[in-house]
Amino acid sequence: QVQLVESGGGSVQAGGSLRLSCAASGRTASSYSMGWFRQAPGKEREFVASISGRGGNTAYAAFAKGRFTIARDNAQNTVYLQMNSLKPEDTAVYYCAAAPAPTTAVAIREYQFGSWGQGTQVTVSS
């Protein structure tokens, strides 16, 4: 198991940027594919982006491509989600998650992720 703590959420105006961080503790970070999901009020949780254990491979939801960037620093056991050109529809609670996986594999399905953070609120105003 790995413990995850997100930070960096907040309120921004449309067009602004935020960088979310997810600090992992426990087992070796590179043993996990790390992902970000989000859940808006009244909606199901959805996939945002994920990255392989060594950081060489990434995957993004269609809405995130070109605006969001996922990265990781295994020396710091931290995963980041840089979000640019934010829109009001990006408003949600953002969750960090970890999926045991080979170091080059990218997990994208919610069921693959066994460890979750508590979430951080992102609010984008128009």
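Residues numbered from 1 in each chain as written. Predicted model: local features only at pLDDT ≥ 70, side-chain atom pairs only at ≥ 80, totals over all residues. Heavy atoms only, no water.

(A) Structural context of empty space enclosed by the protein. For the coordinates displayed, the defined rule picks out 1 cavity of 30 Å³ or more. Within this model, the largest cavity holds a volume of roughly 30 Å³. Lining the largest cavity are Cys-22, Ala-24, Ala-29, Met-34, Arg-72, Asn-74, Asn-77, Thr-78 and Val-79. Listed by contribution, the elements that provide at least two residues to the lining of the largest cavity are β3 (18-26) and β8 (78-83). Residue composition of the lining of the largest cavity, by class: 5 nonpolar, 3 polar and 1 charged. (1 Å grid on protein atoms, 1.4 Å probe; cavity = no way out; pocket = protein on both sides within 12 Å on 5 of 7 lines; lining within 4 Å. Points joined across faces, edges and corners; volume = space filled by probe spheres on them. Helix = DSSP H or I, 4+ residues; strand = E, 2+ residues; numbered from the N terminus. Nonpolar A, V, L, I, M, F, W, Y, C, P; charged D, E, K, R; others polar.)

(B) The environment of Ile-108, seen in detail. Examined against the element boundaries, Ile-108 turns out to sit in the loop between β9 (92-100) and β10 (115-116). Linking Ile-108 and Gly-35, residues 73 residues apart in sequence, is a C-alpha distance of 7.4 Å.

(C) Fine view of unusual backbone geometry. Here the phi dihedral of Asn-77 falls at roughly 50°; this positive angle occurs in a residue that is not glycine. Mapped onto the secondary structure, Asn-77 falls in the loop between β7 (68-73) and β8. Given a relative accessible area of 25%, Asn-77 falls into the partly exposed group. Phi at Ser-85 takes a positive value of approximately 50°, unusual for a residue other than glycine. Examined against the element boundaries, Ser-85 turns out to sit in the loop between β8 and β9. (Buried < 20%, exposed > 50% of the residue type's maximum accessible area, 1.4 Å probe, protein only.)

(D) Quick peek at the nonpolar core. Residues Met-34, Trp-36, Leu-81, Met-83 and Tyr-94 are the most contacted members of the largest nonpolar core, which totals 27 residues. Elements represented by at least two residues in this core include exactly β1 (2-7), β3, β4 (32-39), β5 (46-51), β7, β8, β9 and β11 (120-125). When near neighbours in sequence (up to four residues on either side) are disregarded, Met-83 contacts Gly-16, Ser-17, Leu-18, Leu-20, Arg-67, Phe-68, Tyr-94 and Val-122. In this structure, Phe-47, Ala-97, Ala-107 and Phe-113 belong to the second largest nonpolar core, which totals 8 residues. (Core = buried A, V, L, I, M, F, W, Y, C linked by side-chain atoms within 4.5 Å. Contact = heavy atoms within 4.5 Å.)

(E) Spatial organisation of the pattern of salt bridges. Tallied over the entire structure, the rule returns 4 salt bridges. For Asp-90, the salt bridge identified is with Arg-38, shortest N-O distance 2.9 Å. Of the two residues, Asp-90 is situated in the loop between β8 and β9 and Arg-38 in strand β4; the sequence distance between them amounts to 52 residues. Three or more residues joined by partner-sharing salt bridges are found here, namely Arg-38, Glu-46, Arg-67 and Asp-90. (Salt bridge = Lys/Arg side-chain N within 4 Å of Asp/Glu carboxyl O.)

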